[in-house]
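This is what each chain is made of:
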Amino acid sequence: MNNIAQRGSEILEAIDKQVMIVLEDHRAKQKLWMPRDLIPEDYRPQSLPPEVTAMLVLNLLTEDGLPYFLSLLVHHLGPKKAIWEWSRLWTAEEDRHGSVIKTYLQLNLNKQQMVGVERLQYQYLNQGFWPDWGGDPIKLLAYVVLQEQATRVSHQGIGRLSESFDPVLNAILRKVAAEEAKHHLAYFKFFQAALACDSSHALSALLSVIRTFEMPGKNTPHFSELSEIQLRKGVFGAIEFKNIVVLVVDKLDLANLTGLDSVGDKARDGIFKTIQV
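This one's a predicted model, so the numbers in the text were calculated from it and none came from an experiment.

A. Inspection of helix 3 (residues 50-63) at higher detail. Along its 14 residues, helix 3 runs 20 Å from first to last C-alpha, staying within 8% of the 20 Å computed at 1.5 Å per residue. Listed as buried for helix 3 are V52, T53, A54, M55, L56, V57, L58, N59, L60, L61, T62 and E63.

B. The nonpolar core, seen in detail. Ranked by size, the top nonpolar core spans 89 residues in total, and within it L56, W86, L146, Y187, F190 and F191 carry the most contacts. At 13 residues, helix 8 (residues 167-197) tops the list of elements feeding residues into this core. Excluding residues within four positions of it along the chain, W86 makes contact with L23, H26, H183, A186, Y187 and F190.

C. Broad picture of the side chain of Q230. Within the fold, Q230 resides in helix 10 (residues 223-232). Setting aside anything within four residues of it in sequence, one finds Q230 in contact with M55, L58, N59, S154, I158, V235 and F236.

D. Highlighting a positive patch on the surface. A cluster of basic residues, K31, R174, K175 and K182, forms a positive patch at the surface. Secondary-structure assignment places K175 in helix 8. You can call K175 partly exposed: its relative accessible area is 36%.

E. Spotlight on the packing of helix 1 (residues 3-14) against helix 7 (residues 137-162). Two numbers describe how helix 1 lies on helix 7: the axes approach to 7 Å, and their chain directions differ by 70°. Classified by the angle between their axes, helix 1 and helix 7 sit roughly perpendicular to one another. Contacts between helix 1 and helix 7 involve A5, G8, S9, I11 and L12 from the former and P137, I138 and L141 from the latter. Class assignment for the residues of the contact of helix 1 with helix 7 results in 6 nonpolar, 2 polar and no charged.

F. Up close: the pattern of salt bridges. Following the criterion strictly, the structure yields 9 salt bridges and no others. A salt bridge links E10 to R7, with the nearest nitrogen and oxygen atoms 3.2 Å apart. Here E10 pairs with R7, and both are found in helix 1, just 3 residues apart, close to one helical turn. Between R27 and E85 there is a salt bridge, and its shortest N-O distance comes to 2.8 Å. Taken together, the residues R27 in helix 2 (residues 16-29) and E85 in helix 5 (residues 81-108) connect sequence positions 58 residues apart. Given a relative accessible area of 38%, R27 falls into the partly exposed group. Its relative accessible area of 22% is what places E85 among the partly exposed residues. What emerges from the salt-bridge pattern is a single network uniting R7, E10 and D198.

Cut-off values and rules
Residues numbered from 1 in each chain as written. Predicted model: local features only at pLDDT ≥ 70, side-chain atom pairs only at ≥ 80, totals over all residues. Heavy atoms only, no water. Helix = DSSP H or I, 4+ residues; strand = E, 2+ residues; numbered from the N terminus. Expected span 1.5 Å × (residues − 1). Buried < 20%, exposed > 50% of the residue type's maximum accessible area, 1.4 Å probe, protein only. Core = buried A, V, L, I, M, F, W, Y, C linked by side-chain atoms within 4.5 Å. Contact = heavy atoms within 4.5 Å. Patch = residues over 30% accessible without salt bridge, like charges linked within 9 Å, V, L, I, M, F, W, Y side chains within 5 Å. Areas by Shrake-Rupley, 256 points an atom, 1.4 Å probe, with all protein chains shown as cover. Salt bridge = Lys/Arg side-chain N within 4 Å of Asp/Glu carboxyl O. Lys, Arg positive; Asp, Glu negative; His and termini not counted. Charge placed at Lys NZ, Arg CZ, Asp CG, Glu CD. Axes fitted to C-alpha atoms, helices over the stretch in contact; angles between N-to-C directions. Parallel < 35°, antiparallel > 145°, perpendicular 65-115°, else oblique. Nonpolar A, V, L, I, M, F, W, Y, C, P; charged D, E, K, R; others polar.

What follows is the structure, given as structure tokens:
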């Protein structure tokens with residue numbers, strides 16, 4: 001284990017109690033739903049606009065990264081007390097997101113179209129998703145803070161577009177987006193605790209992740225084309241990602257963070273520069 005990864009592991013150990021507090025609060029407020037709950041028994045298939053179908057497929061692929069996210073969690077976080085307990089709960093909740101989107105698509109696409117979707121799923125899972133975070137668990141926390149919010153924004157944007165032709169899809173995506181917001185908040189609190197423990201390490205990790213951020217599924221065939229549709233429809237792109245970084249920076253109150261050493265101060269300046277471009 002390199003020195004950065006070792007320090008990240010020590011920080012994770014130090015914030016275990018805060019992680020457990022967040023975990024218990026999340027459980028206490030949980031309102032569990034199942035994918036089939038969100039689709040009425042009398043639901044009738046819709047004629048989906050091709051661009052909406054494409055954006056849903058991209059979001060399905062994003063959710064399908066779950067096996068690799070769990071692998072990343074185990075690799076970077078390890079079976080450490082509260083964070084491992086959280087990882088299992090988060091995995092169980094996230095699994096329902098891809099499931100409900102795929103169920104919806106199965107009801108609305110023909111066999112040939114659905115086989116095409118399933119082929120993309122297969123290709124994505126076969127290629128995998130393994131960012132180079134150097135084994136640092138704090139980089140993983142920083143990434144998921146941004147990624148959960150990005151996923152929420154994307155689901156919410158497609159839901160907004162679907163409101164005029166299918167209220168069921170709108171309701172599904174609002175439900176999924178709301179849960180992504182809860183996950184973002186949990187990971188934000190984990191990262192906030194890491195920042196309080198070692199501000200220089202946490203800020204360096206956040207800067208590194210911002211500079212290299214890519215959504216899951218980046219290596220999947222047609223990812224660029226599908227992403228371009230979301231960009232064109234104003235669902236998710238560079239502007240939305242920048243807004244997410246601004247949101248996180250403001251919530252962390254980085255402008256007023258004191259007591260930074262030279263490493264932390266340089267990392268904070270670098271973060272500010274990413275949102276000034």
